[in-house]
Amino acid sequence: MANYYSHQSQAPPAANFDSIPNGHPTKQRNTHVCDSCGNIEPGYGTKFRVCGGCLSGVYCSKPCQDMSWPTHRAVCRVNAQNYALAHHNVYSDPRLAKQLRNFISAHEQLFQWAGFQALQVKRMSSNIRHKALLIVLDYQNHPKLLQQFSVAQTQILPMADVMRDVDPAVIEEMKRREARSRNSGGLGCMLLLVQCGMPGVAEFVPVELPRSITWDARDDWEYTLRKFVSEGRTDFLPISTTSRGIVYG
């Protein structure tokens, strides 16, 4: 069978696109930014710590985590409400909120790349202030985390509609991240909304974008998103065309 890109001039959007690598999937490389001081996690050495309550706050050290707690507390409270909602969602699984956060964390770079492509950030970076990407997942009870969710649909939403019913703590967190990114020379803060079920449990995923993103602009982002999620793969390494040639990662 011919692979998906055999008759197209465009290179595959990611490494290993047409073949699942042998053995355990490779842990993708993510860029974490300390929510307190703004330090960027190095590609080697000490890994940044993640808030155990919401799995969204990232800190380079315990002092930074303690310093950020007064402002992070409200966001943690909002995320904790998802646990309560999970008891009443259509899937009747009280663990769903935590499983969803773990799933998002496992596919962090894939989801960030999908948002970057869906909002056409490379063509118009200001889109991140006017639009957000909604990713709706279906859930099935499976012992393996990466097999518990599949992509049901995606939708680009006006930011004003997304923010209309959002907790003020989340809005303040978005503003803080937007300001920090732009003050450090970045593009700002992109928002992903990952939701399981309609209605169901939802996670707001703010992503601070540096100005130096080299990912190629792609129109096949939804196909790629569905493919890697359905195959339970976390080895997503997106394509970038640079002066040195094609680079994946």
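Everything discussed here concerns the structure shown above.
Nothing here was measured: the structure is a model prediction, and the numbers come from that model. (Residues numbered from 1 in each chain as written. Predicted model: local features only at pLDDT ≥ 70, side-chain atom pairs only at ≥ 80, totals over all residues. Heavy atoms only, no water.)

## Points about the overall build of the protein chain
Each helix and strand in the protein chain was counted, giving 6 helices and 8 strands. Of the regular secondary structure in the protein chain, the N- to C-terminal order runs β-β-α-α-α-β-β-α-α-β-β-α-β-β. When burial is assessed residue by residue, the protein chain has 46% of its 249 residues classed as buried. Within the protein chain, contacts between residues separated by at least 24 positions form 62% of all contacts whose residues are at least 6 apart in sequence. Carbon and sulfur atoms form 54% of the exposed surface of the protein chain, whose accessible area is close to 12900 Å². (Helix = DSSP H or I, 4+ residues; strand = E, 2+ residues; numbered from the N terminus. Buried < 20%, exposed > 50% of the residue type's maximum accessible area, 1.4 Å probe, protein only. Contact = heavy atoms within 4.5 Å. Areas by Shrake-Rupley, 256 points an atom, 1.4 Å probe, with all protein chains shown as cover.)

## Description of helix H5 (residues 168-183)
In a regular helix each residue adds 1.5 Å, so 16 residues correspond to 22 Å; H5 covers 22 Å between its end C-alpha atoms and thus fits that length. Every buried residue belonging to H5 is among Ala169, Val170, Glu173, Met174, Arg177, Glu178, Arg180 and Ser181, and all of these are buried. Once H5 finishes, glycine 185 follows within two positions and takes phi at roughly 90°, a positive value. (Expected span 1.5 Å × (residues − 1).)

## Side note on the nonpolar core
One finds Phe111 and Leu225 to be the most contacted residues of the largest nonpolar core, which totals 38 residues. The set of elements that each furnish at least two residues to this core consists of helix H2 (96-106), helix H3 (108-118), strand E3 (131-139), strand E4 (149-158), strand E5 (188-197), strand E6 (200-209) and helix H6 (221-230). A total of 6 residues in this core trace back to one element, the largest contributor, which is H3. When residues no more than four places from it in sequence are discounted, the contact partners of leucine 225 are Leu110, Phe111, Ala114, Ile135, Val151 and Thr154. Val78, Met159, Val162 and Val166 belong to the second largest nonpolar core, which has 16 residues in total. (Core = buried A, V, L, I, M, F, W, Y, C linked by side-chain atoms within 4.5 Å.)

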